[in-house]
Amino acid sequence: MLHDIEHLKKILPDLKEDPMRIIYTEHFLEKIGDRCIDETVVTDALEFTCPVDIEEFESSNLTWKLRYALEGDDVLSVILTMFNLHSVILISAFLEVKK
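Nothing here was measured: the structure is a model prediction, and the numbers come from that model. Per-chain numbering applies: the sequence of each chain, read as written, is numbered from 1 onward. Two thresholds apply to this predicted model, a pLDDT of at least 70 for residue-level local features and 80 or more for giving and counting side-chain atom pairs, whereas whole-chain, interface and lining totals are computed over all residues. The side-chain numbers reported here are obtained from all heavy atoms of the structure, hydrogens and water having been left aside.

Scanning the protein chain from terminus to terminus reveals 3 helices and 5 strands. Put simply, DSSP H or I for four residues or longer makes a helix, DSSP E for two residues or longer makes a strand, and each gets a number counted from the N terminus. Each helix and strand of the protein chain, placed in order from N terminus to C terminus, yields the pattern α-β-α-α-β-β-β-β. Seen along its three principal axes, the alpha-carbon backbone of the protein chain occupies a region of about 35 × 25 × 25 Å. Look at the contacts in the protein chain between residues 6 or more apart in sequence, and 49% of them connect residues 24 or more apart. Per-residue and other accessible areas were derived by the Shrake-Rupley procedure at a 1.4 Å probe size, with only the shown protein chains allowed to occlude residues. Surface accessibility of the protein chain: about 5900 Å² in total, with carbon and sulfur atoms responsible for 54%. When checking whether two residues touch, look at their non-hydrogen atoms; a contact exists if any pair is within 4.5 Å.

Here it is, written out as structure tokens:
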């Protein structure tokens, strides 16, 4: 299937080549503002860092939760969906404390 985890892993490194491949939803922008997360932290994680974990989000083969290790004990979780085989749509992001 084209929207599986392996395909997602293939498109993540290509996001840095074209910033238009990252699509921001109004919900995403509102939530990161509410949670005091800088948008560049999220885009830098997507473009330049490998996630430490990727899991299917709520039994959907189109929506994923990616976790990125940040400095200290913080983990950035990003909820996204794949779009048109080469792009991602950001749905939400939040910080978690490492367990």
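For Phe, Tyr and Trp, where Trp contributes only its six-membered ring, two rings pair if their centres lie within 6.5 Å, and the inter-plane angle classes them as stacked under 30 degrees, edge-to-face over 60, or tilted in between. For the coordinates displayed, the defined rule picks out 1 aromatic pair. Considering the side-chain rings of Tyr24 and Phe28, the 5.7 Å spacing of their centres and the 35 degrees angle between planes classify their relative orientation as tilted. Residue Phe28 is classed as buried on the basis of its relative accessible area, which comes to 0%. Three labels apply to residues, based on accessible area from a 1.4 Å probe with only protein chains included: buried if under 20% of the type maximum, exposed if over 50%, partly exposed otherwise in between.

Attention now goes to the pattern of salt bridges. Definition used for salt bridges: Asp or Glu carboxyl oxygen within 4 Å of a side-chain nitrogen of Lys or Arg. Evaluated as defined, the whole model comprises 5 salt bridges. Of the charged contacts, one joins Glu6 and Lys9 as a salt bridge, the two residues approaching to 3.8 Å between their closest N and O atoms. Taken as a pair, Glu6 and Lys9 lie in helix H1 (residues 5–11) at a separation of 3 residues, close to a single helical turn. On the accessibility criterion, Glu6 (43% relative accessible area) is partly exposed. Taking relative accessible area as the criterion, Lys9 reaches 43% and is therefore assigned partly exposed. Here Arg67 and Glu55 are joined by a salt bridge, their closest N and O atoms 3.0 Å apart. Taken together, the positions of Arg67 in strand E3 (residues 63–69) and Glu55 in strand E2 (residues 53–56) put the pair 12 residues apart, joining distant regions of the chain. Put simply, Asp53, Glu55, Lys65, Arg67 and Glu96 are held in one network by salt bridges that share partners.

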